[in-house]
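Given next are the chains, with one letter for each unit.
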Amino acid sequence: MALNDQIFQTPLGSLTRATTAIARARSVKEVIETIRRTARSLVGCDGITVIRREGDLCRYVEEDAIEPLWKGQKFPAIACISGWAMINRQTVVVPDIAQDDRIPIELYAGTFVRALAMAPVRPSDPIGAIGAYWSQAYTPSRWEIETLEALAEAAAAAIENVDFIASLSDQLVNAKGTDLAGRQQFVDDFARDIEFVGSIDAVPIILDIVLRMTGMGFAAVARVTETKWITCQALDHVGFGLKPGDELPVETTLCNEIRDHRQPIVFDDAEVDPRYRDHHTPQIYGLRSYISMPIILANGTFFGTLCAIDSSPAKVNDPMVIGTFKLFAELIAHHLDAGERLQAAQESLERERELAELREQFIAILGHDLRNPLAAVDAGASRMLQEGWTNRTPAILKLMKSSISRMAGLVDNLMDLARARLGGGITLTVFHGDLTVTLQHVVGELQVAHPERRISASFNFSSPVVADHPRIAQMFSNLVSNAVTHGSADKPIVITGITAEGAIEVCVSNGGRPIPKDRIDRLFMPFTGADGMAPAHGLGLGLYISSQIAKAHGGQIDVFSDEIETRFTFRMPMLVMDP
């Protein structure tokens, strides 16, 4: 039999694939389904059940067995063996149910079950359990019990990941006063690390040399944190089953220990090694030989490990092998540091380019857009000094006030641009308020300013809205002003606002010439007009600032334009203020 065939029939491959599939699950339902599909064959039992804890009750949510068991039923935790395992936070083994007082015999009388093992999911604070059943009196082996526990550990890690993602979504909804796009940074960092390692040309060569030198079947560079073990690159001659991006429950790995003490772990044969013959990692994954070297970056940060494993003994606890692994780990760290420096240099260069562009734009604005209203104020002041108070003075003062207001608006827009481009985004001050009142006030102002235009507004918000209402008004005013400026004068501007599926939605539509599709993507760039071209009047910052206000609220502005109408739609999640 070929080595590859042997590995696929050993726990090393099958359990790894199962725990990886569980770790990659993105919902509790997916976690449960993966366990149902894999656990029975891995443990080698006649039935498997998955139990969720619901307060003082145990609900049997899924099963795979030779005969039906208790799927869909609930039992008091104090009256069933799964509850006992969760309450006592430990795995329970019952070789013969007739001989154990903890077993409610009346519930088992009509089933095939004669022996069982029950492992709690997350023993420190149990949220469920996985049960394995046999149709005859039976004492499960250590391997079978540890496999069951490994599946429970993988389920716990996956559910914590699901909960973490859900908590990020909750934070997205509950956040106030920040640009919420940064919430993805945690996930993006892992993708970047995988990409970094994948871009190092030396890594495939290193992994090949490692396997040739040791005679082992699998080698990898892994990213290891307190909560994650992720494959960045791997060379797999034995079907271990891990690819870049795949995960293992970090608690089941030796790399988790290396992260703590930052020393290599090496053994030739776990079965005879006094330290690792009883260790859970070799037993879970069927390992005999193992070597793992920490990868430490120049700033002292622990990145992960360079490791190699095999289901057969190998001569790796050797000074030359360990020294070579150390050099390779340092080489990988050097490349990662160089990549970080290069990225930092590129980001710095891009920021300098943006600053230079922004400086040029500021100079252009100061030299052009502010010059006209400033000249008007200067001319008015000079005339008043020459003529004194005359019957024309009120008109001159009105023009001067209008010019000053225009300059103030230009300065405000410039400040918003600076905050958005250089200050990490527009900041918000959120509070409960009646959004209908906020938007109706804007509509009233614009209707007074443009009495010749027909503006139809209808709002139906289900409750007071948590938002920065002045900023929402600013954004909304820009959208409606664009409709007034660019829409057909003989067609109405139609505005609607509703609450739908936990989100706020405000639409502003007008008739007129459609925006060309190739210009829609440019609409929200600074210094661009509402038609996607350079602005003929003003700074062309209105839509850009509006998009930044939407983004700061966790929302966005979408555009649709055809021969019938042009429609700007603002959507944001319903925010909730902390008590």
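Quick caveat, the model's predicted, so the values are computed rather than measured.

Parameters at a glance
- Residues numbered from 1 in each chain as written.
- Predicted model: local features only at pLDDT ≥ 70, side-chain atom pairs only at ≥ 80, totals over all residues.
- Heavy atoms only, no water.
- Axes fitted to C-alpha atoms, helices over the stretch in contact; angles between N-to-C directions.
- Helix = DSSP H or I, 4+ residues; strand = E, 2+ residues; numbered from the N terminus.
- Parallel < 35°, antiparallel > 145°, perpendicular 65-115°, else oblique.
- Left-handed = near helix turned anticlockwise from the far one by under 90°.
- Contact = heavy atoms within 4.5 Å.
- Nonpolar A, V, L, I, M, F, W, Y, C, P; charged D, E, K, R; others polar.
- Phe/Tyr/Trp six-rings, centres within 6.5 Å; stacked < 30°, edge-to-face > 60°.
- Lys NZ or Arg CZ within 6 Å of the ring centre and 35° of its normal.
- Core = buried A, V, L, I, M, F, W, Y, C linked by side-chain atoms within 4.5 Å.
- Buried < 20%, exposed > 50% of the residue type's maximum accessible area, 1.4 Å probe, protein only.
- Expected span 1.5 Å × (residues − 1).
- Bend = angle between axes of the 7 residues up to and from the residue.
- Pairing = 2+ DSSP bridges.
- Polar contact = N/O pair within 3.5 Å; in protein donor to acceptor, adjacent residues only side chain to side chain.

Enquirer: Tell me about the packing of helix H15 (residues 469-486) against helix H17 (residues 542-552), and name the residues and values.
Expert: Direction vectors running N to C along H15 and H17 enclose 140°, while the axes themselves pass 9 Å from each other. One finds that H15 runs oblique with respect to H17. As for how H15 packs across H17, the hand of that crossing is left-handed. Residue-level inspection shows Arg-471, Ile-472, Gln-474, Met-475, Asn-478, Leu-479 and Asn-482 of H15 in contact with H17, the latter providing Gly-542, Leu-543, Ile-545, Ser-546, Ile-549 and Ala-550. Here the residues of the contact of H15 with H17 sort into seven nonpolar, five polar and one charged.

Enquirer: Before we move on, could you go through the packing of aromatic side chains and cite the residues and values that matter?
Expert: Under the counting rule described, the total for this entry stands at eleven aromatic pairs. Centre to centre, the rings of Tyr-60 and Phe-75 are 5.6 Å apart; their planes meet at 85°, and the pair counts as edge-to-face. You can see Tyr-60 sitting in strand E2 (residues 57-65) and its partner Phe-75 sitting in strand E3 (residues 74-76), a full 15 residues away along the chain. Among the aromatic residues, those joined into a ring-pair cluster are Tyr-60, Trp-70, Phe-75, Tyr-108 and Tyr-133. Against the face of Trp-84 rests Arg-102, its NZ or CZ located 4.4 Å from the ring centre. Residue placement shows Arg-223 over the ring face of Phe-303; its charged tip is 4.9 Å from the ring centre.

Enquirer: Explain the nonpolar core to me, and be specific about the residues and the numbers.
Expert: Leu-439, Ile-472, Phe-476, Ile-495, Ile-504, Val-508 and Phe-570 are the most contacted members of the largest nonpolar core, which totals 42 residues. Elements represented by at least two residues in this core include exactly helix H14 (435-449), strand E14 (455-460), strand E15 (465-467), H15, strand E16 (493-500), strand E17 (503-510), H17 and strand E19 (566-573). It is H15 that contributes the most residues to this core, eight residues altogether. Excluding residues that lie within four positions of it along the chain, Phe-570 makes contacts with Ile-472, Met-475, Ile-504, Glu-505, Val-506, Ala-550, Gln-556 and Ile-557. Residues Phe-196, Leu-207, Met-216 and Val-321 belong to the second largest nonpolar core, which totals 30 residues.

Enquirer: Give me helix H3 (residues 28-43): which residues, what numbers.
Expert: Along its 16 residues, H3 runs 21 Å from first to last C-alpha, staying within 8% of the 22 Å computed at 1.5 Å per residue. Along H3, the helix axis deviates most sharply at Arg-37, where the bend reaches about 30°. Along H3, the residues classified as buried are Val-31, Ile-32, Thr-34, Ile-35, Thr-38, Ala-39, Leu-42 and Val-43. Once H3 finishes, Gly-44 follows within two positions and takes phi at roughly 80°, a positive value.

Enquirer: Outline the sheet that holds strand E8 (residues 229-236), listing residues and values.
Expert: Reading across from one edge, E9-E8-E7-E12-E11-E10 is the order of the six strands in this open sheet, with antiparallel pairing throughout. Both outer strands of the open sheet, strand E9 (247-248) and strand E10 (265-267), are each paired with one neighbouring strand and no more. Here E10 pairs with strand E11 (residues 289-296) via three bridges, running antiparallel. By the bridge assignment, Phe-267 is partnered in E11 with Tyr-290.

Enquirer: So, the environment of Glu-505: which residues are in play, and what are the values?
Expert: Of note, Glu-505 is situated in strand E17. Residue classification places Glu-505 among the partly exposed residues on the basis of a relative accessible area of 22%. Put simply, Glu-505 and Thr-569 are 64 residues apart on the chain and 6.9 Å apart in space, counted from C-alpha to C-alpha. Setting aside its immediate chain neighbours within four residues, Glu-505 contacts Phe-461, Thr-496, Gly-497, Ile-498, Thr-569, Phe-570 and Arg-571. Engagement of the side chain of Glu-505 in a polar contact is seen with the side chain of Arg-571, the distance being 2.8 Å.

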